[in-house]
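Residues per chain are reported as follows:
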Amino acid sequence: MAYIDFMSVLHKSTKRDYLKRVNDLDFPKAKAAELAKQWGYDYWDGDRRINYGGYHYIEGRWEKVARSMVKHYNLSKSPKILDIGCGKGFLLFDFLKVVPDAEIYGIDVSQYAIENSKEEVRDSLQVGNATHLPWADDTFDLVISINTLHNLHNFELDSALREMERVGKQYKYLCVESYRTEQEKANLLYWQVTCEAFCTPEEWEWWFRQTGYMGDYSFIYFE
């Protein structure tokens, strides 16, 4: 297990007005969260004040992350890769740019995301929950979960982390939201619309030990 940051390059590229988000007249925080947690159109392609405001494929955006992972983990020419919380499959599509013979799989709780996913990888994606993965033990060479597990309630984290560890036979990596200071905690509360597990780095690491998760990880902070 190691702390490896693949995600800051993307996370820090977005500018955020925390007070504007929480005080919006049309979509105040509570309303935005209610809409976002339906995981449908509003979450992915609705108003930016709710969440993504249109989650579209951007050439090269995820490829840099995929390339970094392939290099770091020295993946073979035909690895089996699972993305837990795959969304529209953009990262998996970009994995195929880096490793064309990879065998990719994705799972996401959002039926809307799967139905509106990247057409080239849609047949490799399915609707499901991180707490019950429909694959055998030690199936995948690389299992990833980016900005997903913090959306689970604490009582779901145990099974989700154990499942991630179970299906991965070699490398695993997850990224979740966290906070180190009261300012970052306030910013996280203001900005997020789907987070349920509000944990400090030390609390996340406690979860890893409790569940036997042995993969790598990193945190994103709202500074």
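Attention here is on the structure that accompanies the text.

## Quick notes on a nonpolar patch on the surface
Then step 1. Residues Leu19, Leu189 and Tyr190 make up a contiguous nonpolar surface patch of roughly 270 Å² in combined accessible area.
Then step 2. By secondary structure assignment, the location of Leu189 is in helix H9 (residues 182-191).

## With respect to the packing of aromatic side chains
Then step 1. What the rule picks out here adds up to 26 aromatic pairs.
Then step 2. Considering the side-chain rings of Tyr105 and Trp135, the 6.1 Å spacing of their centres and the 75° angle between planes classify their relative orientation as edge-to-face. In this pair, Tyr105 is assigned in strand E2 (residues 103-108) and Trp135 in the loop between strand E3 (125-127) and strand E4 (140-146), connecting sequence segments 30 residues apart.
Then step 3. Overall, the relative accessible area of 22% leaves Tyr105 in the partly exposed class.
Then step 4. Residue Trp135 is classed as buried on the basis of its relative accessible area of 14%.
Then step 5. Seen from their ring centres, Tyr105 and Phe140 are 5.4 Å apart, and the 70° between their planes marks the pair as edge-to-face. Of this pair, Tyr105 sits in strand E2 while Phe140 sits in strand E4, placing them 35 residues apart in sequence.

## What to know about the side chain of Thr194
Then step 1. Examined against the element boundaries, Thr194 turns out to sit in the loop between H9 and helix H10 (201-211).
Then step 2. In contact with Thr194, other than residues within four places in its own chain, are Ala36, Lys37, Trp39, Tyr43 and Asn151.

## A word on the pairing of E2
Consecutive side chains along a regular strand alternate between the two faces of the sheet.
Then step 1. Sheet analysis places strand E1 (residues 80-84) next to E2, joined by five bridges and oriented parallel. Counterpart to Leu82 in the pairing with E2 is Tyr105.
Then step 2. Regarding topology, helix H6 (residues 90-98) serves as the crossover connection from E1 to the parallel E2, and that connection is right-handed.
Then step 3. One ladder, built from three bridges, connects E2 with E3; its direction is parallel.

What counts, and where the lines are drawn
- Residues numbered from 1 in each chain as written.
- Predicted model: local features only at pLDDT ≥ 70, side-chain atom pairs only at ≥ 80, totals over all residues.
- Heavy atoms only, no water.
- Patch = residues over 30% accessible without salt bridge, like charges linked within 9 Å, V, L, I, M, F, W, Y side chains within 5 Å.
- Areas by Shrake-Rupley, 256 points an atom, 1.4 Å probe, with all protein chains shown as cover.
- Salt bridge = Lys/Arg side-chain N within 4 Å of Asp/Glu carboxyl O.
- Helix = DSSP H or I, 4+ residues; strand = E, 2+ residues; numbered from the N terminus.
- Phe/Tyr/Trp six-rings, centres within 6.5 Å; stacked < 30°, edge-to-face > 60°.
- Buried < 20%, exposed > 50% of the residue type's maximum accessible area, 1.4 Å probe, protein only.
- Contact = heavy atoms within 4.5 Å.
- Pairing = 2+ DSSP bridges.
- Right-handed = clockwise from strand over helix to strand, strands pointing away.

None of this, on its own, says anything about what the molecule does.
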